[in-house]
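Letter by letter, the chains look like this.
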Amino acid sequence: MQSFYPPRRDGRGQEKREDKELQETEDVAGPARSSKTSVADPEMPSLPRRGHSGLVSQAAAAAAASGSTTSYCSPALWLGSDRLSQSSAQISRTGKLIPAPKRSQRPKKLVGDTLEVTYQERLTGFGPDQMHELVELIESKHTQFSALSLCTALHRLASNPACTLQLERFSGLVSTLEAELRTRPDRFRAQSIANSCWAVAKLYWKKSGLLEALLETAVSRIEEFKGQELSLLLWSMATGSSKTSHVEDAANASVCEFLRRGSSAFDAQSTATVAYAAGALVLSHEPLWEVLGTGSATRVSEFSDRQLANLLWGFATVSYTDCEVVFQRVASDAPIATLAPIDLSLVAWSLAKVSHKDKHFYDQVADAIVAKQAEWRHSDTRNIATLLYSLALSEQAISHDSAFRELATAVCSRASEFSVQGLTNAVWAYATACYTEELWFRIVAKEVSLRKKDEFEPLDVANTLWAFAAVLHHDNVISFLTSLGKGMIWQMSGQNVAIAVWSLASLELRGESFFHQAADPFVQRLSECKAQELNNMLWAYATACVRLPWLFLKSANHALTLGLTEFKTHELSIMLWAHGTAGVCNHTFFNEVVDEILGGRGIESCAPREIANAAWAYSTIIGRCHLPWMTAVAAYSQNHIREFDMQGIGNVLWSFANVAIHSERLLRVACEETSRRCASGHRDEAAHNAAQVLSAVQATGVTGLAEIELCKAAIDLFLEKGFGNVGAREFLILGNAALSFADQLEAGWKNLTSVLERHVFDPLAEAILHGDWSSVETCISQLDIDHLGAGFTADFLRRIGISSVQVYPRHEAGGWVEEAVHACALERERAIQAGIEEDAPVEQQKLVRQLDKVNKREIVAWVRFQVSSSVGEHKELGRAFGWRLEAEISKLSPMIINLLRPMVTKSRIAPNMIGEHDRSGHAERSESAI
């Protein structure tokens, strides 16, 4: 199951860090500071340098023009009269310091022309309660600011949350700053550029022009940035809302500069910030992560708790695992017990994400969770959801049950406080850790159903559906989520689409509208899909009985493009099984998979179920004997027969029967194993699956001792279980298989036929003799049978009054039977080959595609008749008929459909799914042995 990350995602589905506590702390990134006094930092003010940009002479001129007697060198012009009174001291003629007189009231700050020399100092001097004055100054005087003051002004706005509500008032400042950057970039210092980038990111300001200008300037002068400024630049790009090519160029330039200097040139805070930013930008730059890992391994003790969390989060987000030393050091040395909830959750998530399995580490995490019991009543809900997710992902939930339940209890009591993503993380964790507590799921389901649709993202819908499906928890929330999924199906990734349809199929919800809507978006995103998505998608459509051949063909072709070596064997076997169940033929794909198993991996590397699924699907869909493949399957199955479940034994035997061959040794071994299970502790499994083995045995026509013993064991088992616990279908299959051994079975055969007479033949005969066709269909539906089998059909026809019925034993078949078999084989081959050739007409190609829809090429009939009537004699000496497109679309079809309509009954096509079975689709087969 594809996992998702705890960090919050933005509206485009991109993941974004939204924890203000984490972002605003200086351990992550704040305004860049140098070792010298920084005028851009309000906490470290300094006097402006006299003479800077001619401001002193400008102040003198302004004073003279106004008639003021104040000297242009007066400190009041630099600091403002209020700051002069608060921070300056008068010097007496004797040289003693005289404290400045106290004022009963703070005078209003001046913003007039006479103070233009103090813009920089005044921008950094406004207190938190003076934002109105700050905004007024910036709005009215920004055109007169120096480059330094423009950057300072932007930084001051970003530093005050109240200013984010007045962004429209600062468009002039932005325009001026952008113009200055483009015309005179050399006037901006690296620190000012870094601080301005930080401000744009902090404000989530969608001013791409300003950001582009800042980044262009930064790239051209990247070597001037100090370590903290460089890390701040990266942080700004990671946190901001813009992801343009300029961001990519600046990120690459920053990474290259970091690598050029080496990690030793950066302190712990800067290193952690670079790791966090590179992770948020998803920079899969191997050399960068190698340097970060090497440089951090010996400095773990230098990182603060928050820095450590950021460092690990970066590694985990890009799934970089070649820094095991760092993970080991953190697991052994980090003060897990004293970490704040947010740091504890991020460190736990990071090590779980990189599959770190140190039990001692998770013991410490679990102990910390239990010790912080009181904190979960008020801690940020994201910390709770992330810790649940981490314990489940690392497979540590069951072994630390008390900690997991502590967190789950917090979710139940505070469900309304969780975001949709938090609820999704929690319920995903429950399902992944195999907790099935109904209360937990019900509370989350109720809360999810109350949320507004715009709170959900595609990933939330897909993963919540998966969680409920994984534990087979049916709830009204499934309909709600399915409806949401339909509305955002085109925004879902290929993985999300596959997860959604897999979930619905697992819950046995066959809403065809969702499946049909999901197919196109999935095919459009095939390029982003890997083995698991293809596997889940085809399994879901086959299980839900939604036949879309083009989806199967495109998915299989994409698998070939990816390369079958990228697939696990069980994924390949399930894809073949899905093709077989859906009736979709793809010769190239099937043959490539068989070649991969035989020539690449070796059949001994496969599990029994994988062989059973692949063998059954190949024979069912391709319908030909691939001799090397069937020989290998026979040898493998003989050697591993006890490792197969009963369904697997049946599938293997049917794979041989389907292509009209059999292996006598395999048949004997399979019969002996099935007999053993019928009489042993596997009786329940045998009762449900023995019928398939019996049916395959009957198809071979072999009547050896092992087959007789199997029929005896199956009769005893079925009679013991009783009719009802074993269905009519299974009893009929057993009866047909045992018919050849009736004399040897003695009392067992008599008891078996008695059950069939009472529960099957008597009700069916009564319905037919009643003369109402609907009564016959009702009886067949209640019995859930496909057919009676050749032997019982003949007896039943005689019972209802058909006087002339002839049954040809297999060893006596000849004449018209052999002619029919040969003609049908030729017609079926023609249907398969039609359209395969590159120069085949369009209609023939269309015919093949149509055949693939329900595997209609399997249905071939042979007819010979002679009819005499008043209008003459009509006869057909022998002809094979296959499916024809023109016959299906003919206008005559509706006229005769009621006459030719085959009866449809239920048929089990998968362990948990029952589909429809068309009883007209049976064919004659001849047998040979290998």
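Residues numbered from 1 in each chain as written. Predicted model: local features only at pLDDT ≥ 70, side-chain atom pairs only at ≥ 80, totals over all residues. Heavy atoms only, no water.

- Under the annotation held in an unreviewed UniProt entry, the chain carries the name CMP/dCMP-type deaminase domain-containing protein and is attributed to Durusdinium trenchii.

### Remarks on the overall build of the chain
- The helix and strand tally for the chain stands at 45 helices and eight strands.
- Burial status across the chain gives 52% buried among its 930 residues.
- In the chain, the proportion of contacts linking residues at least 24 apart, taken out of those at least 6 apart, comes to 73%.
- Counting every atom, the chain has about 42700 Å² of accessible surface; 51% of that belongs to carbon and sulfur. (Helix = DSSP H or I, 4+ residues; strand = E, 2+ residues; numbered from the N terminus. Buried < 20%, exposed > 50% of the residue type's maximum accessible area, 1.4 Å probe, protein only. Contact = heavy atoms within 4.5 Å. Areas by Shrake-Rupley, 256 points an atom, 1.4 Å probe, with all protein chains shown as cover.)

### Topic: the nonpolar core
- Of all hydrophobic cores here, the largest spans 269 residues; its most connected members are Phe 404, Tyr 430, Tyr 541 and Trp 629.
- The next biggest cluster of nonpolar side chains, apart from the first, holds six residues, and it includes Ala 820, Val 860, Trp 862 and Ala 880. (Core = buried A, V, L, I, M, F, W, Y, C linked by side-chain atoms within 4.5 Å.)

### Some details on the side chain of Asn 496
- Here Asn 496 is to be found in helix α25 (residues 494-506).
- If we skip the residues at most four places from it in the chain, Asn 496 touches Pro 458, Leu 459 and Ala 462.

### Brief notes about the pattern of salt bridges
- In the structure shown here, the tally under the stated rule is 26 salt bridges.
- The partner of Glu 437 in a salt bridge is Arg 405, and the shortest N-O contact between them spans 2.8 Å. Linking Glu 437 in the loop between α21 (420-432) and α22 (438-450) with Arg 405 in helix α20 (residues 401-413), this pair joins segments that are 32 residues apart in sequence.
- Of the residues examined, Glu 437 reaches a relative accessible area of 24% and is grouped as partly exposed.
- The partly exposed category is assigned to Arg 405, whose relative accessible area is 31%.
- In this structure, Glu 596 and Arg 601 form a salt bridge, with 2.9 Å as the shortest nitrogen-oxygen distance. (Salt bridge = Lys/Arg side-chain N within 4 Å of Asp/Glu carboxyl O.)

### Section: the packing of aromatic side chains
- All chains considered together, the criterion is met by 27 aromatic pairs.
- Linked through ring pairs, Phe 404, Tyr 430, Tyr 435, Trp 440, Phe 441 and Phe 468 together constitute an aromatic cluster. (Phe/Tyr/Trp six-rings, centres within 6.5 Å; stacked < 30°, edge-to-face > 60°.)

### Describing the side chain of Ser 270
- With respect to the helices and strands, Ser 270 occurs in helix α13 (residues 268-280).
- The buried category is assigned to Ser 270, whose relative accessible area is 2%.
- Dropping the residues within four chain positions of it, Ser 270 is found in contact with Gly 227, Gln 228 and Ser 231.

### Some remarks on helix α9 (residues 190-202)
- Across its 13 residues, α9 extends 18 Å between first and last C-alpha, which sits within 8% of the 18 Å expected from 1.5 Å per residue.
- Extensive coverage of α9 is indicated by the burial of 12 of its 13 residues.
- Among the residues trailing α9, Tyr 204 stands out with phi positive, at a value near 50°. (Expected span 1.5 Å × (residues − 1).)

### Remarks on the packing of helix α17 (residues 341-353) against helix α18 (residues 359-371)
- It is at 11 Å that the axes of α17 and α18 come closest, and there the two elements cross at 150°. By the criterion of interaxial angle, the relationship of α17 to α18 is roughly antiparallel. Crossing hand, α17 versus α18: left-handed. Contacts between α17 and α18 involve Leu 344, Val 347, Ala 348, Leu 351 and Ala 352 from the former and Phe 361, Tyr 362, Val 365, Ala 368 and Ile 369 from the latter. (Axes fitted to C-alpha atoms, helices over the stretch in contact; angles between N-to-C directions. Parallel < 35°, antiparallel > 145°, perpendicular 65-115°, else oblique. Left-handed = near helix turned anticlockwise from the far one by under 90°.)

### Some remarks on helix α35 (residues 683-700)
- Spanning 18 residues, α35 covers 25 Å between terminal C-alpha atoms, matching the ideal 26 Å at 1.5 Å per step.
- At Asn 689, α35 shows its maximal kink, close to 50°.
- Taken as a whole, α35 has its buried residues at Ala 686, Ala 687, Asn 689, Ala 690, Ala 691, Val 693, Leu 694, Ser 695, Ala 696, Val 697, Ala 699 and Thr 700.
- Phi for Gly 701, located one or two positions after α35, is positive at around 75°. (Bend = angle between axes of the 7 residues up to and from the residue.)

### Notes on the confidence of the model for the chain
- Averaged over the chain, the pLDDT score is 78; the fraction of residues at 70 or greater is 77%.
- A low-confidence stretch, residues 849-857 stays under pLDDT 50, and its non-local contacts, those more than four residues away or across chains, total 27 contacts. (pLDDT = per-residue confidence, 0-100.)

### With respect to the environment of Ala 540
- For Ala 540, the position within the fold is in helix α27 (residues 531-543).
- For Ala 540, a relative accessible area of 0% puts it in the buried group.
- Considered as a pair, Ala 540 and Leu 504 are 36 residues apart in the sequence and their alpha carbons are 7.9 Å apart.
- The residues touching Ala 540, leaving out its near neighbours within four places in the chain, are Val 501, Trp 502, Ala 505 and Phe 515.

### What about unusual backbone geometry?
- Even without being glycine, Glu 395 reaches a positive phi, approximately 60°.
- Locating Glu 395 in the fold gives a position in the loop between α19 (381-393) and α20.
- Positive phi outside glycine occurs at Glu 508, with the angle close to 60°.
- Assignment of secondary structure puts Glu 508 in the loop between α25 and α26 (512-524).

### Quick word on the environment of Phe 796
- Here Phe 796 is to be found in helix α41 (residues 790-799).
- For Phe 796, a relative accessible area of 7% gives the class buried.
- For the pair formed by Phe 796 and Phe 761, sequence separation is 35 residues and the distance between their alpha carbons is 7.4 Å.
- With sequence-adjacent residues up to four places away left out, Phe 796 is seen in contact with Phe 761, Leu 764, Ala 765, Ile 768 and Leu 788.

### Some remarks on the environment of Ile 499
- Mapped onto the secondary structure, Ile 499 falls in helix α25.
- With 33 residues separating them along the chain, Ile 499 and Trp 466 place their C-alpha atoms 6.4 Å apart.

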